[in-house]
Structure formats: C-alpha cells, structure tokens
Amino acid sequence: MAKRTIRTVGDRILTKTARSVEHLGPKELTLIDDMLETMYEENGVGLAAPQVGVLKRIVVMDVGEGPIVMVNPRITAREGEQTGDEGCLSVPGKVACVTRPEKVTAEALDREGKPFVITGEGLLARCICHECDHLDGHLYTEFAEGPVRDVEEEAEAEEEE
Ligand code: ZN
C-alpha cells in the first residue's frame, strides 16, 4: 500500500466525470488499498478516485464504523434533509454549509465485484452523496449555502471568545 497525492481544488481532474469500472483487477485493488491508506492518513471520512488523480468510479469511506468500498455506486433513494458543515480533502482547511438528504440508499459493487446495497443516515448519507458527486466532477463548494469558511480562522476566533 502507498499513500497517494490528493488533488486539490483548481486541478481540472476534479471537474471531470469518472468512468465505470468494467473489471476489478490487481490495478484497481491496489488503488482501493492506496485510497484507504490515504484517507486514514489524512483523517478523512471518504475519498473518491478522482481525488487521487484516477478517473474511475471508486469510492472509499469510513465514518467510524469500518471501511466501506463502493465501486460504480449509484444512489437509488433519498429521504429527508440535513443541513450542516461539510469539508473535503481536496479543499483543504475549508468548510461550508450544505444541505443533503438525511437518508440515502445506494447500490454498488464491493472490492470482490459483488453487488450490495447500502443505506446510510446522517454522516454516512452525507458522505455517500459527497463522494458520488466527486465521480461526476462536482465539489461540495458548488452547493454551499453561504460562504466557504476558513477552518483555522474559525478555531482562532473561538479561542478569543
Ligand atoms: Zn471531497
């Protein structure tokens, strides 16, 4: 496994649509392992392949309940609404408020290529939406309600209070 470089906002690859994975071979499995390692090292809860410069429809997530791998994910149901702060490893040091569904169901393949269905609520629902957006070339900042804020400035402001 190896940590990969995370592409950041301004890199055109983040605006491109990723291709479906037709075959899960050694190259894709190494990519998945590297994405997990990169996500954990950067303390992220999710990472999509375009963020490490690969235009394939692969996503990894861990919202604190263990790793989840989604290949060719497709959101099939959305329910309710949640509004809260969201960040992204490709937009370092920033947060912004985004409204997402409270509950999301998605279909995907796992790392063995077996189809599965995942239903997530709260943070996991937010994460599924955020990562699937990456596969279509979208960043959360496009959907932000209000300003994209600086995390550090906010922490300093809180300390001063
Ligand atoms: Zn992101």
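Structure shown above.
Right, let's walk through the structure included here. (Residues numbered from 1 in each chain as written. Predicted model: local features only at pLDDT ≥ 70, side-chain atom pairs only at ≥ 80, totals over all residues. Heavy atoms only, no water.)

**Looking at the coordination of the zinc ion**
Our working definition: Metal-coordinating donors are taken as N, O and S atoms lying within 2.8 Å of the metal, or within 3.2 Å when the metal is Na, K or Ca; because water is left out, some sites can appear incomplete. Strands here are runs of E lasting at least two residues and helices are runs of H or I lasting at least four, both read from the DSSP assignment and numbered beginning at the N terminus. Throughout, exposure labels follow a simple rule: accessible area from a 1.4 Å probe, protein chains only, divided by the maximum for the residue type, with under 20% read as buried, over 50% as exposed, and the rest as partly exposed.
Donor atoms from the polypeptide that coordinate the zinc ion comprise C88 (SG), H130 (NE2) and H134 (NE2), at 2.0 to 2.2 Å from the metal. One chain supplies every donor to the zinc ion, and in sequence these donors are spaced C-x41-H-x3-H. Highlighted residues: C88 in the loop between β4 (82-86) and β5 (94-100) and H134 in helix α2 (residues 123-135), separated in sequence by 46 residues. An identical accessibility class is assigned to C88 and H134; each is buried.

**So, unusual backbone geometry**
The phi torsion at N43 lies on the positive side, around 55 degrees, for a residue other than glycine. Position of N43 among the secondary structure elements: in the loop between α1 (26-41) and β1 (46-48). The class of N43 is exposed, set by a relative accessible area of 70%. Of note, the phi angle at N72 is positive, near 50 degrees, even though the residue is not glycine. As for its placement among the helices and strands, N72 is situated in strand β3 (residues 68-79). With a relative accessible area of 22%, N72 lands in the partly exposed category.

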